[in-house]
Amino acid sequence: MKRKKVVAAMLTAVLTVGMISGCGGNGENSSADSGDKELTIWTNMEVEADTIQEIANQWGEESGYTVEVIHESPDVQQFAQAAQSSSGPDAVIGIPNDQLADYVNAGLTAETPEDLYNDSDFSEAAIQACYVDGKRVAAPLAVETVTLFYNTDKVSEAPESWEELVEIAADNGGVQFDATSVYYDLGFLRACGGYIFNYADGAYDVNDIGLDNEGAVQAYEFINKMCSDYGFVSASVTADIARSNFQNGQTAFYIGGPWDCEGFDSAGTPYAVTTMPTFNGNAFVTPVGTQVSFVSNKSDEQEAAWDLIMYLIDNGATEMYESGDRIPAKLSEQENPEIQEDEVSAVFIEQINNGEPMPTVSEMGQLWEIHANNIKLMFSGDLTPQQTAENITSQLKEAIELMNSGKQ
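What counts as what
Residues numbered from 1 in each chain as written. Predicted model: local features only at pLDDT ≥ 70, side-chain atom pairs only at ≥ 80, totals over all residues. Heavy atoms only, no water. Pairing = 2+ DSSP bridges. Helix = DSSP H or I, 4+ residues; strand = E, 2+ residues; numbered from the N terminus. Contact = heavy atoms within 4.5 Å. Axes fitted to C-alpha atoms, helices over the stretch in contact; angles between N-to-C directions. Phe/Tyr/Trp six-rings, centres within 6.5 Å; stacked < 30°, edge-to-face > 60°. Buried < 20%, exposed > 50% of the residue type's maximum accessible area, 1.4 Å probe, protein only. Lys NZ or Arg CZ within 6 Å of the ring centre and 35° of its normal. Parallel < 35°, antiparallel > 145°, perpendicular 65-115°, else oblique. Left-handed = near helix turned anticlockwise from the far one by under 90°. Nonpolar A, V, L, I, M, F, W, Y, C, P; charged D, E, K, R; others polar. Polar contact = N/O pair within 3.5 Å; in protein donor to acceptor, adjacent residues only side chain to side chain. 1 Å grid on protein atoms, 1.4 Å probe; cavity = no way out; pocket = protein on both sides within 12 Å on 5 of 7 lines; lining within 4 Å. Points joined across faces, edges and corners; volume = space filled by probe spheres on them. Expected span 1.5 Å × (residues − 1). pLDDT = per-residue confidence, 0-100. Salt bridge = Lys/Arg side-chain N within 4 Å of Asp/Glu carboxyl O.

S.K.: Tell me about the sheet that holds strand E7 (residues 147-151), and name the residues and values.
M.R.: Overall, mixed pairing links the four strands, which are arranged E8-E11-E7-E12 in an open sheet. Bordering the open sheet on either side are strand E8 (175-176) and strand E12 (271-274), each of which pairs with just one other strand. As judged from the four bridges shared by E7 and E12, these two strands associate in the antiparallel manner. By the bridge assignment, Asn151 is partnered in E12 with Tyr271. Along the sheet face, helix H15 (residues 343-352) touches E7, strand E11 (253-256) and E12 and points at about 140 degrees away from the line of E7.

Written as structure tokens, this is what we have:
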């Protein structure tokens, strides 16, 4: 994939001045004297901040707005305080979708206009990521996921199933990934009928947990087998260790993302990528991360802010890909020849369109540590897969109940 560009020093200086003058303050903007209307945009996307500013400037020239784009990685409280100010952010462009629910729950987001875009124009996972409690509150900008890397010196062709993969890996250095994380284990669960929270009609039911049903136990049995029978994964194999071992040629297979390619290229690792092999006869669903954009419900320029967000989606996909390897969420933009000609990007796009987001609910934050701790106990032999599934589910229910106990 294309290598990421370093943000120019001039941009850094501009952003620094913007930050010193306050959260989104643009009263000193040189263009403001011309009478242009103003928008202040925060973005979590540091590498792409200059690209977003350039595209925003193009939109501003056409629409009569001065736009200031500021790189900012706010927490909800910081955003809430800034949004109360007349010079606060009108919108946020590009935050991970797993943060979106927190802003919605704090009452900070505007719903998207009904005719803003058609859901069918975007990757299904990206659209799912933009709904919270059945309401569409964001627009999808870019998508990412993980898929299977394999060492082409060790493996001549990609296996079609996970059952086949472990047999090949047994004689060729193994397969590694952070098997304690539900992020990497999701595909095994989904292929067997397990799930985190049931999703229907644009909303997650956090009371309907599918981590201890028959399918989930079957998935945990397979994951445990990769530890106990093959020794591929363990409590101590982190994502960093798995990446390093693949990069150094020690393992045959690795689950990773497009962000890993630069390191493998620099190290001269002989590799290829392929979509995930099937498991249990079903597609292997990987988690799709979506960079989403939303408008502050405190903004007096909501219509203009949504218009800018859609302008960026419709007119900036190639530039975002060139500056930051960002795969567009819009299906028509994914067909861009420049993107499709990159074999790695094409594989990731195919996997993205077979993926789903991690649940866009605040309760999801309770699962990560609970899942990891219980998988580690399973790997050590202290829990059976059945007990692991039961523990994860009961502990998650308790954590959610405690989390929500103080809410009215």
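The discussion continues.
S.K.: How would you summarise the sheet that holds strand E1 (residues 37-43) if you had to cite specific residues and measurements?
M.R.: Spatial ordering of the open sheet is given by E2-E1-E3-E13-E6-E14, a layout of six strands whose pairing is mixed. A strand with exactly one partner marks an edge of an open sheet, and here the two such strands are strand E2 (65-71) and strand E14 (327-328). Two strands pair when backbone bridges link them, and strand E6 (residues 139-144) and strand E13 (residues 289-295) are joined in this way by five bridges, in the antiparallel orientation. Paired with Glu144 across the strands is Gly289, a residue of E13. Here helix H2 (residues 49-63) sits on the sheet in contact with E1, E2 and strand E3 (91-96), set at roughly 170 degrees to E2. On top of the sheet, helix H11 (residues 302-315) reaches E1, E2, E3, E6 and E13; it is set at about 150 degrees to E13, its chief contact.

S.K.: Go over the packing of aromatic side chains, please, and point to the residues and values.
M.R.: Note on aromatic pairs: each is described by the distance of the centres and the angle between the planes. Taken as a whole and assessed by the stated rule, the structure comprises 27 aromatic pairs. Each ring, one from Phe149 and one from Tyr254, has its centre 5.8 Å from the other, and the planes form 55 degrees; the classification is tilted. Of the two residues, Phe149 sits in strand E7 while Tyr254 sits in strand E11, which places them 105 residues apart along the sequence. For Phe149, a relative accessible area of 0% gives the class buried. Judged by relative accessible area, Tyr254 falls into the buried class, the value being 1%. Ring pairing ties together the aromatic residues Trp162, Phe177, Tyr183, Tyr184, Phe188, Phe222, Phe279 and Phe284, which thus form one cluster. Here the basic side chain of Arg136 rests over the ring of Tyr117, its NZ or CZ set 3.9 Å away from the ring centre.

S.K.: Account for the packing of helix H16 (residues 367-379) against helix H17 (residues 385-404), naming residues and giving values.
M.R.: The interhelical angle for the contact between H16 and H17, taken along N-to-C directions, is 155 degrees, at an axis separation of 9 Å. Relative to H17, H16 is oriented roughly antiparallel. Crossing of H16 over H17 shows right-handed handedness. Only Pro385, Thr388, Asn391, Ile392, Gln395, Leu396 and Ala399 of H17 make contact with H16, whose side of the interface consists of Leu367, Ile370, His371, Asn374, Ile375 and Met378. Residues belonging to the contact of H16 with H17 are distributed by class as follows: eight nonpolar, five polar and no charged.

S.K.: With reference to specific residues and values, describe the pairing of strand E10 (residues 203-210).
M.R.: In terms of strand pairing, strand E9 (residues 195-200) meets E10 through five bridges, oriented antiparallel. Counterpart to Ala200 in the pairing with E10 is Ala203. Remark: two residues form the turn of the hairpin made by E9 and E10, two consecutive strands paired antiparallel; Asp201 in that turn has positive phi of roughly 55 degrees.

S.K.: Describe the environment of Asp178, with residues and values.
M.R.: Tracing the backbone through its elements, the reader meets Asp178 in the loop between E8 and helix H7 (182-191). Asp178 sits 58 residues away from Ser236 along the chain, and the two C-alpha atoms are 8.6 Å apart. If sequence neighbours within four positions are ignored, Asp178 has contacts with Tyr184, Val237, Thr238 and Ala239. A polar contact of 2.7 Å, which involves the side chain of Asp178, links it to the side chain of Thr180.

S.K.: Talk me through the side chain of Ser161; I want residue IDs and the actual numbers.
M.R.: For Ser161, the location among the structural elements is in the loop between E7 and helix H6 (162-170). Those residues in contact with Ser161 that lie beyond four places of it in its chain are Pro277 and Thr278.

S.K.: Can you explain empty space enclosed by the protein? Please cite residues and give values.
M.R.: Throughout the structure, instances matching the rule amount to one cavity of 30 Å³ or more. In this model, the largest cavity occupies a volume close to 70 Å³. Elements with a contribution of two residues or more to the lining of the largest cavity: E6, H11, helix H12 (317-324) and E14. By residue class, the composition of the lining of the largest cavity is eight nonpolar, no polar and two charged.

S.K.: Kindly report on H11, identifying the contributing residues and their values.
M.R.: Owing to its 3.6 residues per turn, the α-helix brings residues three or four apart onto one side. In this model H11 runs 20 Å from its N-terminal to its C-terminal C-alpha over 14 residues, within 8% of the 20 Å that 1.5 Å per residue would give. Three or more residues of H11 are buried, namely Ala304, Ala305, Trp306, Leu308, Ile309, Met310, Tyr311, Leu312 and Ile313.

S.K.: Run through the confidence of the model for the chain, naming residues and quoting values.
M.R.: When the pLDDT values of the chain are averaged, the result is 90; 91% of them are 70 or greater. Note on residues 2-34: pLDDT under 50 across the span, and 50 contacts to partners over four residues away in sequence or across chains.

S.K.: Could you give me a rundown of the pattern of salt bridges, with the residues and numbers involved?
M.R.: Across all of its chains, the model carries seven salt bridges by this definition. Here Arg243 ties to Asp240 by a salt bridge, and the two come within 2.7 Å at their closest N and O atoms. One end of the pair is Arg243 and the other is Asp240, both in helix H9 (residues 239-247) and three residues apart, which spans about a single turn. Looking at Asp240, the relative accessible area reads 52%, which means it is exposed. Close ionic contact of Lys330 with Asp314 constitutes a salt bridge, the shortest N to O distance being 2.6 Å. Of the two residues, Lys330 sits in the loop between E14 and helix H13 (331-334) while Asp314 sits in helix H11, which places them 16 residues apart along the sequence. Exposure remark for Lys330: the relative accessible area of 17% places this residue in the buried category. Bridged by salt links that share partners, the residues Glu48, Glu144 and Arg326 form one connected network.

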